[in-house]
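Overview (structure and organization)
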Amino acid sequence: TEADGTRVFDLTMQRGTTDLGHGSATETWGVNGSYLGPTVRAARGERVRLNVSNELGEISTLHWHGMHLPAAMDGGPHQMIEPGETWSPQWTIDQPAASLWYHPHLHGATAEHVYRGIAGMFLIDDAETPELPSTYGVDDVPLIVQDKRFRDGQLDLRPGMFTEAGIIGSDILVNGTRAPFFDVTTEHVRLRLLNASNARTYNFTFTEGVTFALIATDGGLLAGPVRLSHLMLSPGERAEIVVSVPAGSSTVLRSVTQPLGLDMWTNRFSGGDDSLDILELRAGHSLTPNSAVPDELVAPRDLGEPAVTRTFTISGSSEFNDQTMDMGRIDEVVEVNTTEMWEVRNGTGAPHNFHVHDVQFQVLDSRDPALAGPKDTVYIPPGETVRLLMRFEHYTDPEVPYMYHCHILAHEDRGLMGQFVVI
Ligand code: C2O
Ligand code: CU
């Protein structure tokens, strides 16, 4: 922390080798280490500065996914960091408690940079949060879930042959660990799930009939916990869940086959038929009592009535409204302090999702309780339309755009992305 109270983080993007379960010589990228990066944590109201150094030997960026912040600090494709340079964005944290994350966003190379290992969690704390399990690493555990494919002990970067979505792997890593387990020592455990995979959607569930309470979506806490047995997360999405594993027993967090709304062939090559073990939870014989989940979490935010409606159609795996991303073209101009409705249709037969920078939106008319909280990324099955209510506040910049895009990273790289400015 500096004299003026700014909290400073030094993040260095670098290369290294990591044992990811395929020998110790796997070439990887990481932040302040050889694979993934440290959890960055700051509180609402705090001023932060991130000194991001690029030691990768090639150009990249670092984007704060889910963050409400000025466009020039966003770390999108326009905030490029040359090799050997340091980029130091700063802003004041001004949003509720949430599990956000960071990852590169270099146009055309996001998939590769994330797949090689640049990603980490960015947690936001808020004094107004009700009491929840919150001892980091003990009863409050971030889980960065990724699928990989290996070839001769190295990360296999070749795209899948039968899918346009890039790489769908069957080797699961959690926080960079293969075949992981967690020793449960408390009655309740809060898991902060992040799907940091390039293309795979997960349908999380526990074995042994263990259910869980969903307490938060991408952008923060729900009004109240929702009991679920299954939870789907597409690339980029997060959720916080609280699970209770009976003393002396164990359960496996697993991803099972899922309703992606695809035809049989596409479903299979998108990973929709797969069943994969993610993490084993082993509970000790006596568990420490800790905070259970309260019935009420936070009052939902009222975004108001939309003044503007925009429609977007995913018309191919590289275009919205028949247009491929162009760094020099502003697609949408939004007026600050207005609420808008964005209607996004997946007009293809392939899986896509939709992510918007700077805001957390509300998914309208969804019957899915897992979409009830603040979201910044949402899955859209083929042929379906989502209606997203969002409010743009505080920050304006007529020059520097924010992005909206599909978070299947091969699609984003190929141009399924657009740019908007807030003025
Ligand atoms: Cu997680 Cu525009 O990205
Ligand atoms: Cu897509």
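Reading the values: rules and limits
- Residues numbered from 1 in each chain as written.
- Chains lettered and ligands numbered in written order.
- Predicted model: local features only at pLDDT ≥ 70, side-chain atom pairs only at ≥ 80, totals over all residues.
- Heavy atoms only, no water.
- Domains from an automatic or database assignment.
- Contact = heavy atoms within 4.5 Å.
- Buried area = accessible area lost by both parts, 1.4 Å probe.
- Salt bridge = Lys/Arg side-chain N within 4 Å of Asp/Glu carboxyl O.
- Polar contact = N/O pair within 3.5 Å; in protein donor to acceptor, adjacent residues only side chain to side chain.
- Helix = DSSP H or I, 4+ residues; strand = E, 2+ residues; numbered from the N terminus.
- Patch = residues over 30% accessible without salt bridge, like charges linked within 9 Å, V, L, I, M, F, W, Y side chains within 5 Å.
- Areas by Shrake-Rupley, 256 points an atom, 1.4 Å probe, with all protein chains shown as cover.
- Buried < 20%, exposed > 50% of the residue type's maximum accessible area, 1.4 Å probe, protein only.
- Pairing = 2+ DSSP bridges.
- Donors = N, O, S within 2.8 Å, 3.2 Å for Na, K, Ca; no water.
- Axes fitted to C-alpha atoms, helices over the stretch in contact; angles between N-to-C directions.

Overview of the domain arrangement of the protein chain
Considered domain by domain, the protein chain is made up of domain 1 (7–125), domain 2 (140–288) and domain 3 (308–422). Put simply, the middle of domain 1 and the middle of domain 3, counted by C-alpha atoms, are 22 Å apart. Facing 27 residues of domain 1, the contacting portion of domain 3 comprises 25 residues. When domain 1 packs against domain 3, the two sides together hide about 2,000 Å² of surface, and 60% of this comes from carbon and sulfur. Contact with domain 3 buries area across many residues of domain 1, yet H68, H78 and H107 alone supply 29% of it, more than any other trio. For the pair domain 1 and domain 3, the number of links is zero salt bridges. Seen at the junction of domain 1 and domain 3, the total is 20 residue pairs in polar contact (both at pLDDT 80 or more). When contributions to the side of domain 1 that touches domain 3 are tallied by element, the ones reaching two or more residues are β5 (63–65), β8 (98–103) and α1 (110–116).

Concerning a nonpolar patch on the surface
A surface patch of nonpolar side chains, about 420 Å² in accessible area, is lined by M161, F162 and W265. Relative to the elements of secondary structure, W265 occurs in helix α2 (residues 264–269).

Considerations on the environment of L260
For L260, the location among the structural elements is in the loop between β22 (250–255) and α2. Taking the C-alpha atoms as reference points, L260 and A350, 90 residues apart in sequence, are found 9.4 Å from one another. Sequence-distant contacts of L260, defined by excluding residues within four places in its chain, comprise T201, M232, N267, S270, G272, Y379, P381 and P382.

Observations regarding the pairing of strand β18 (residues 212–217)
The buried fraction of β18 is high, at six of six residues. In terms of strand pairing, β18 meets strand β21 (residues 238–243) through four bridges, oriented antiparallel. Residue pairing for β21: A213 is matched across the bridge by V242. Taken together, the five bridges between β18 and strand β19 (residues 220–228) define a ladder with antiparallel strand orientation. Counterpart to L214 in the pairing with β19 is V226. Between β18 and β19, which follow one another and run antiparallel, lie two residues.

Some remarks on the pairing of strand β24 (residues 308–316)
In terms of strand pairing, β24 meets strand β27 (residues 338–346) through seven bridges, oriented parallel. Looking across to β27, one finds that I314 is bridged to N346. Direction of pairing for β24 relative to strand β25 (residues 319–320): antiparallel, over a ladder of two bridges. Considered in β25, the bridge of I314 is made with F320. Hairpin geometry of β24 and β25 is characterised by an intervening segment of two residues between the two adjacent antiparallel strands.

What to know about the coordination of the copper ion (ligand 2)
For a metal bound by four donors in a tetrahedral arrangement, the ideal donor-metal-donor angle is 109.5 degrees, while six donors in an octahedral arrangement ideally sit at 90 or 180 degrees. Only H352 (ND1), C406 (SG) and H411 (ND1) from the protein coordinate the copper ion (ligand 2), and they sit 2.0 to 2.1 Å from it. Sequence spacing of the donors to the copper ion (ligand 2): H-x53-C-x4-H. When sorted by exposure, C406 lands in the same class as H411, which is buried.

Observations regarding the pattern of salt bridges
Enumeration according to the criterion identifies 28 salt bridges in this entry. Measuring nitrogen to oxygen at the nearest pair gives 2.8 Å for the salt bridge that ties R190 to E240. Linking R190 in strand β16 (residues 189–195) with E240 in strand β21, this pair joins segments that are 50 residues apart in sequence. We classify E240 as buried; its relative accessible area is 3%. In this structure, E393 and R391 form a salt bridge, with 3.2 Å as the shortest nitrogen-oxygen distance. Linked through salt bridges whose partners overlap, the residues forming this network are D218, E237, R238, K375 and D376.

Topic: the environment of P306
Inspection of the secondary structure assignment puts P306 in the loop between β23 (276–288) and β24. Relative accessible area serves as the criterion here: at 29%, P306 is assigned to the partly exposed category. With 257 residues separating them in the primary sequence, P306 and R49 have C-alpha atoms 33 Å apart. Residue contacts for P306: discarding those within four places in its chain leaves T339, E340, M341 and L389.

Concerning the sheet that holds β24
With mixed pairing, the five strands of this open sheet are ordered in space as β25-β24-β27-β31-β29. Looking at strand neighbours, the two that pair on one side only are β25 and β29 (362–363), the edges of this open sheet. With eight bridges connecting them, β27 and strand β31 (residues 385–392) associate as antiparallel partners. Bridge pairing in β31 links R345 to T385.

Section: the sheet that holds strand β26 (residues 332–334)
In a beta sheet, neighbouring strands are held together by backbone hydrogen bonds and run either parallel or antiparallel to one another. Across the sheet, which stays open at both edges, the five strands sit in the order β26-β33-β32-β28-β30 with mixed pairing between neighbours. The sheet is open, and its two edges are formed by β26 and β30 (377–380), each paired on a single side. Averaged over all pairs of adjacent strands, the angle between strand axes in this sheet comes to 25°, irrespective of strand direction. Two strands pair when backbone bridges link them, and strand β28 (residues 352–356) and β30 are joined in this way by four bridges, in the antiparallel orientation. Across the sheet, F354 pairs through a bridge with V378, a residue of β30.

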